[in-house]
Amino acid sequence: MTEPTPKHRSTPLDPATVAVWGAEETSMVSGATQVPVVHSVAYGYDDLDEWEAVALGDAPGHIYGRNTNPTVAVFEEKMRLLEHGEAATSAASGMAAISSAIHGVLRPGDRVVSVKDTYGGTSLLFTEFLPALGIEVDLVDTTDHDAIERSIQGGCDLLYLETPTNPTLKILDLSRLIDAGHRAGSAVVVDNTFATPVNQLPLLLGADLVVHSATKFLGGHADALGGVIVGRPDLVEAAFHHREINGAALSPMAAYLLIRGVKTLDLRVERQNSNAAVVSNYLEAHPKVASVNYPGLDSHPKHEIAAQQMAGFGGMLSFALKGGFDAVKTFLPALRLAHRAANLGSVETTVGVPSTTSHVECSAEERLRLGIPEGLVRYSAGIEKVDDLLVDLEQALDLI
Ligand SMILES: *Cc1c(COP(=O)(O)O)cnc(C)c1O
């Protein structure tokens, strides 16, 4: 073993010290073709002036892992490029990203306009946490664009949109609502989790921020939690500040897994788009299926708007069985090519009902109030061969 020679010592070191310092100074791999996972919590500076310049943001570099990290920075930059934004930051989960984004925008006395169909956790931020901070929230019927515009005109500091929605796949007209928000002087934030930047680019339609649960399609393998915020530099900076102080930093290992996942995002989403379309058409024609929610279907009430603002209709759909919740109880366990789990966007097909997935945080009463039927099945198409998915659906439907 080569004797380590920390800069402040030249005499031989005790093995206990070698165990701590040995080989550390040569550990930074250069020329690696893949992004190194830097687990280091902090970064050392021999020059105090340089340290201070980095700490003040006047020079590039990292100080402490809760603020920034080199592996995490690569993920953020990749997402900034994919979403066509000017700035990006990240968080430990989608909810951490959403919380930081909206806390960065809002002050006591502000007014938020959003819709009833946002993700369950987001909905609870609106109904439980923001009102406690003196922030007024109006959650409008997701299908009524006129009502959303009227609410915006009543005063709006944050317009928060999500499309397609979870789990009923409702579509919001992004251009129309973003324009209405801006006319009222509001910041506009869009949750782009379901669509992904492969299918939809809200920043190009004028949104100020895009937020994601990177846990879903971006990572794509159901093995890393994460969130990302992309858009207007001042709002990204405010979200970053909230996140760095509140502490929900994305871990370097999760960032590495998300980077690896995003490399195949385009391939995966292309397959998931086509699998979801084929499955939707199959289910819509099936006698035991009451209704199918998929923005790519002609029967979807906002199909035309979806076709205008989306390059693909996504991998998510939901459907109701004619037999109600009893039929769901027979059908769901019979599927062989699907995880029954509170997740979506993974390479494996994943199914669930709202009470265990999108709205697991809500009570049955709250779900009813939000208009989420209990007998609905949410289907996240994986990247399997679609013929196998259809055979699997057929055998499970036959049991009802
Ligand atoms: C899952 C999800 C979230 C929350 O993300 P987490 O990573 O679970 O915190 C937010 N929005 C949508 C649309 C989601 O599907």
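Residues numbered from 1 in each chain as written. Predicted model: local features only at pLDDT ≥ 70, side-chain atom pairs only at ≥ 80, totals over all residues. Heavy atoms only, no water.

## What to know about the overall build of the protein
Here is step 1: Along the backbone of the protein there are 15 helices and twelve strands.
Here is step 2: By the compact-globule yardstick of 21 Å for 400 residues, the protein fits well, its C-alpha radius of gyration being 24 Å.
Here is step 3: Expressed along its principal axes, the backbone C-alpha trace of the protein runs to roughly 85 × 50 × 35 Å.
Here is step 4: Out of the 400 residues belonging to the protein, those deemed buried represent 52%.
Here is step 5: Total accessible area computed for the protein in this model is approximately 17,800 Å², and 55% of it derives from carbon and sulfur atoms. (Helix = DSSP H or I, 4+ residues; strand = E, 2+ residues; numbered from the N terminus. Rg over C-alpha atoms; globule rule 2.2 N^0.38 Å. Buried < 20%, exposed > 50% of the residue type's maximum accessible area, 1.4 Å probe, protein only. Areas by Shrake-Rupley, 256 points an atom, 1.4 Å probe, with all protein chains shown as cover.)

## Focus: the packing of aromatic side chains
Here is step 1: In the structure shown here, the tally under the stated rule is three aromatic pairs.
Here is step 2: With a centroid separation of 6.3 Å and an interplanar angle of 20°, the aromatic rings of Tyr45 and Trp51 are classed as stacked.
Here is step 3: Taking 5.4 Å as the distance between ring centres and 75° as the angle between the ring planes, the aromatic pair formed by Phe126 and Tyr160 counts as edge-to-face. Separated by 34 residues along the polypeptide, Phe126 in helix 5 (residues 120–132) and Tyr160 in strand 4 (residues 158–162) bring together distant segments of the chain. (Phe/Tyr/Trp six-rings, centres within 6.5 Å; stacked < 30°, edge-to-face > 60°.)

## Quick word on empty space enclosed by the protein
Here is step 1: Tallied over the full model, the rule gives one cavity of 30 Å³ or more.
Here is step 2: Estimated volume of the largest cavity: approximately 30 Å³.
Here is step 3: Its residues assigned to classes, the lining of the largest cavity shows three nonpolar, five polar and two charged. (1 Å grid on protein atoms, 1.4 Å probe; cavity = no way out; pocket = protein on both sides within 12 Å on 5 of 7 lines; lining within 4 Å. Points joined across faces, edges and corners; volume = space filled by probe spheres on them. Nonpolar A, V, L, I, M, F, W, Y, C, P; charged D, E, K, R; others polar.)

## Some points on the site of the ligand
Here is step 1: The local shell around the ligand holds 15 residues, among which Gly94, Met95, Asp191, Thr215 and Lys216 are the closest.
Here is step 2: Contact between the ligand and Met95: an oxygen atom at 2.8 Å from a main-chain N or O atom of the residue.
Here is step 3: Measuring from an oxygen atom of the ligand, one finds a side-chain N or O atom of Thr215 at 2.7 Å.
Here is step 4: Coverage of the ligand by the protein amounts to 93% of the 380 Å² it exposes when considered alone.
Here is step 5: The element contributing the most residues to the shell around the ligand is helix 4 (residues 94–105), with three residues. (Near = heavy atom within 4 Å. Polar contact = N/O pair within 3.5 Å; in protein donor to acceptor, adjacent residues only side chain to side chain.)

## Observations concerning the domain arrangement of the protein
How big an interface is tends to be stated in terms of accessible area lost as the parts join.
Here is step 1: The domains assigned to the protein are domain 1 (15–262) and domain 2 (266–397).
Here is step 2: Between domain 1 and domain 2, the C-alpha centre-to-centre distance is 27 Å.
Here is step 3: Domain 1 puts 38 residues into the contact, and the matching count from domain 2 is 36 residues.
Here is step 4: In total, domain 1 and domain 2 occlude about 3,000 Å² of area from one another, counting both sides; carbon and sulfur atoms represent 60% of this. (Domains from an automatic or database assignment. Contact = heavy atoms within 4.5 Å. Buried area = accessible area lost by both parts, 1.4 Å probe.)

## What about the sheet that holds strand 7 (residues 227–231)?
Here is step 1: If you walk across this open sheet you meet the seven strands as 1-7-6-5-4-2-3, and the pairing is mixed. At either margin of the open sheet sits one strand with a lone partner, and together these are strand 1 (87–91) and strand 3 (136–140). Shown here is a sheet whose adjacent strand axes are inclined to one another by a mean of 20°, direction ignored.
Here is step 2: Inspection of the sheet shows strand 5 (residues 187–191) paired to strand 6 (residues 209–213) by three bridges, in the parallel sense. In the strand pairing of strand 6, Asp191 is matched with Val211.
Here is step 3: Helix 3 (residues 70–82) contacts strand 1, strand 6 and strand 7 of the sheet and is inclined by roughly 130° relative to strand 1. (Pairing = 2+ DSSP bridges. Axes fitted to C-alpha atoms, helices over the stretch in contact; angles between N-to-C directions.)

## Considerations on the pattern of salt bridges
Here is step 1: All told, the structure shown has eight salt bridges when counted by the stated rule.
Here is step 2: In this structure, Glu149 and Arg176 form a salt bridge, with 3.0 Å as the shortest nitrogen-oxygen distance. You can see Glu149 sitting in helix 6 (residues 145–153) and its partner Arg176 sitting in helix 7 (residues 174–183), a full 27 residues away along the chain.
Here is step 3: Given the relative accessible area of 16%, Glu149 is considered buried. (Salt bridge = Lys/Arg side-chain N within 4 Å of Asp/Glu carboxyl O.)

## Structural notes on the layout of surface pockets
Here is step 1: Its boundaries defined by the atoms lining it, the second largest pocket holds a volume of some 540 Å³.
Here is step 2: In terms of lining, the second largest pocket is formed by 25 residues, of which the most central are Asn67, Thr68, Glu76, Glu237 and Phe240.
Here is step 3: Those elements that place two or more of their residues in the lining of the second largest pocket are helix 2 (48–55), helix 3, strand 1 and helix 9 (233–246).
Here is step 4: By residue number, the principal contributor to the lining of the second largest pocket is helix 9, which donates six residues.

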